[in-house]
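Listed below are the residues making up each chain.
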Amino acid sequence: TLKIKSEWANDFDIDSCKTYALNIEGNINSENVICSDVSKVDIASLRPIDIFIYGFPCNDFSIVGERLGFQGKFGPLYAYGVSVLDYHKPLVFVAENVGGINSTNQGKAFEKILHDLENAGNGYNLTVHLYRSQDYGVPQTRHRYVIVGIDKKLNKEFKVPEPTHLGKPVTAGETLSNIPRDAHNHEIPTISEIVRERLTHIRPGENVWNAELPEHLKLNVKSARLSQIYKRLHPDKPSYTITGSGGGGTHGYHYLEPRPLTNRERARLQTFPDEFKFIGNYSSVRKQIGMAVPVRLSNIIFNAVLDTLNDKSYPYIKANYVLKSPESRRLRQVALA
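Residues numbered from 1 in each chain as written. Predicted model: local features only at pLDDT ≥ 70, side-chain atom pairs only at ≥ 80, totals over all residues. Heavy atoms only, no water.

Draft legend 1. Just the overall build of the chain, in detail. Counting its secondary structure elements, the chain contains eight helices and ten strands. Per-residue burial for the chain yields a buried fraction of 48% across its 337 residues. Nonlocal contacts in the chain, meaning residues at least 24 apart in sequence, comprise 67% of its contacts between residues at least 6 apart. Here the chain has roughly 16,900 Å² of accessible surface; of this, 51% comes from carbon and sulfur atoms. (Helix = DSSP H or I, 4+ residues; strand = E, 2+ residues; numbered from the N terminus. Buried < 20%, exposed > 50% of the residue type's maximum accessible area, 1.4 Å probe, protein only. Contact = heavy atoms within 4.5 Å. Areas by Shrake-Rupley, 256 points an atom, 1.4 Å probe, with all protein chains shown as cover.)

Quick look at the structure:
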């Protein structure tokens, strides 16, 4: 039976590197973790791999932000992953990015990325799918593109695993109801009195825009009004998307207590096990959690990857690739064997 073992990992953020090393490698100082700007990594010196996993930075493709695409600082960084594929020619790669990538630069950015990935290495058969995390047992409405490429020489096609919780999502209430007070990264952040007072007037599921607030607690904002601002979770629904950064009103807010979520609560909503310990201060840990792929969804996808390599069947659905652009709005069905 095939299993996945980490050969090396790379990230630019020191706390993320330490967190990975501690929890995955079992040694916070593991030499398998290369903490460096990816542009300075010697790809030829990396040990050979069969599977390459990467989430190229999504900052410039996210709905939250300027959506600069390739014109931004982070947009072109996907090309370093392409270089890994060209040099090491792994049998499989798995790449992840935000749902908003499909419409950045009128959809041309995603087209370019997919073209480069398909033609990297020996050439890859791509399966592109927009996953709705809540359909897979993640207590969060988090939508992300996952691209799975399999070396064309293998003559295999990855099939998108069938949702496990379609129409019956796991709720925030059942996810956050039993966290031990001494759990890792479970410190309650301090907030101002006016924020606490504001939250007491916002009921579960409401945000600062649709709650009945006294005048002195309302926000004077004339620009775009994001629905997640000071939005409290609803105990009977999945959480909205947990983000890694953002100022006032973006931290995610508890349904019972008038306060922001703790990082352990965020980690629960991302389906991290309680024994997974994050390294860094409150803001750093928040970023690591918010930028992660939900653990449960990752587990389902990689089990399906291994089943595909083992020629083992599993329940699957047709993949979707939605390209949004001013010229065309169409649904592409990725060919499945």
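Draft legend 2. Main features of the packing of aromatic side chains. For the structure on display, the rule yields ten aromatic pairs. Taken together, a centroid distance of 5.4 Å and an interplanar angle of 40° make the contact between Tyr230 and Tyr253 tilted. Of this pair, Tyr230 sits in the loop between α5 (193–200) and α6 (263–269) while Tyr253 sits in the loop between α5 and α6, placing them 23 residues apart in sequence. Owing to a relative accessible area of 7%, Tyr230 belongs among the buried residues under this scheme. Arranged with centres 5.0 Å apart and planes meeting at 75°, the rings of Phe272 and Phe278 form a pair that is edge-to-face. Exposure class is identical for Phe272 and Phe278. Each is buried. By the ring-pair criterion, three or more aromatic residues cluster together here, those being Trp8, Phe52 and Tyr54. Lying over the aromatic face of Tyr316, Lys159 brings its terminal NZ or CZ to 5.4 Å of the ring centre. (Phe/Tyr/Trp six-rings, centres within 6.5 Å; stacked < 30°, edge-to-face > 60°. Lys NZ or Arg CZ within 6 Å of the ring centre and 35° of its normal.)

Draft legend 3. Looking closely at the nonpolar core. Counting 26 residues, the largest nonpolar core has Phe52, Phe93, Phe110, Leu117, Val128 and Ile147 as its most contacted members. For this core, the secondary structure elements donating two or more residues are β3 (51–54), α2 (78–88), β4 (92–98), α3 (108–118), β5 (124–132) and β6 (143–151). Sequence-distant contacts of Phe93, defined by excluding residues within four places in its chain, comprise Phe52, Leu85, Leu117, Tyr124, Leu126, Ile147, Val148 and Gly149. (Core = buried A, V, L, I, M, F, W, Y, C linked by side-chain atoms within 4.5 Å.)

Draft legend 4. Region of the structure containing the side chain of Arg266. Within the secondary structure layout, Arg266 lies in helix α6. Buried Arg266, no salt bridge; nearest opposite-charge side chain is Glu265, N-O distance 7.2 Å. Look past the residues within four positions of Arg266 in its chain and what remains in contact with it is Ile242, His251, Leu261, Tyr282, Arg286 and Ile289. (Lys, Arg positive; Asp, Glu negative; His and termini not counted. Salt bridge = Lys/Arg side-chain N within 4 Å of Asp/Glu carboxyl O.)

Draft legend 5. A look at the environment of Ile179. The residue Ile179 is located in the loop between α4 (172–176) and α5 in this model. Its relative accessible area of 13% is what places Ile179 among the buried residues. For the pair formed by Ile179 and Asp274, sequence separation is 95 residues and the distance between their alpha carbons is 8.4 Å. Ignoring any residue separated from it by four or fewer positions in sequence, one finds Ile179 in contact with His186, Arg264, Glu265 and Arg268.

Draft legend 6. Geometry of the pairing of β5. Buried residues dominate β5, accounting for seven of its nine residues. Alignment of β5 against β6, held across nine bridges, turns out to be antiparallel. Pairing of Leu130 across the sheet is with Tyr145, part of β6. (Pairing = 2+ DSSP bridges.)

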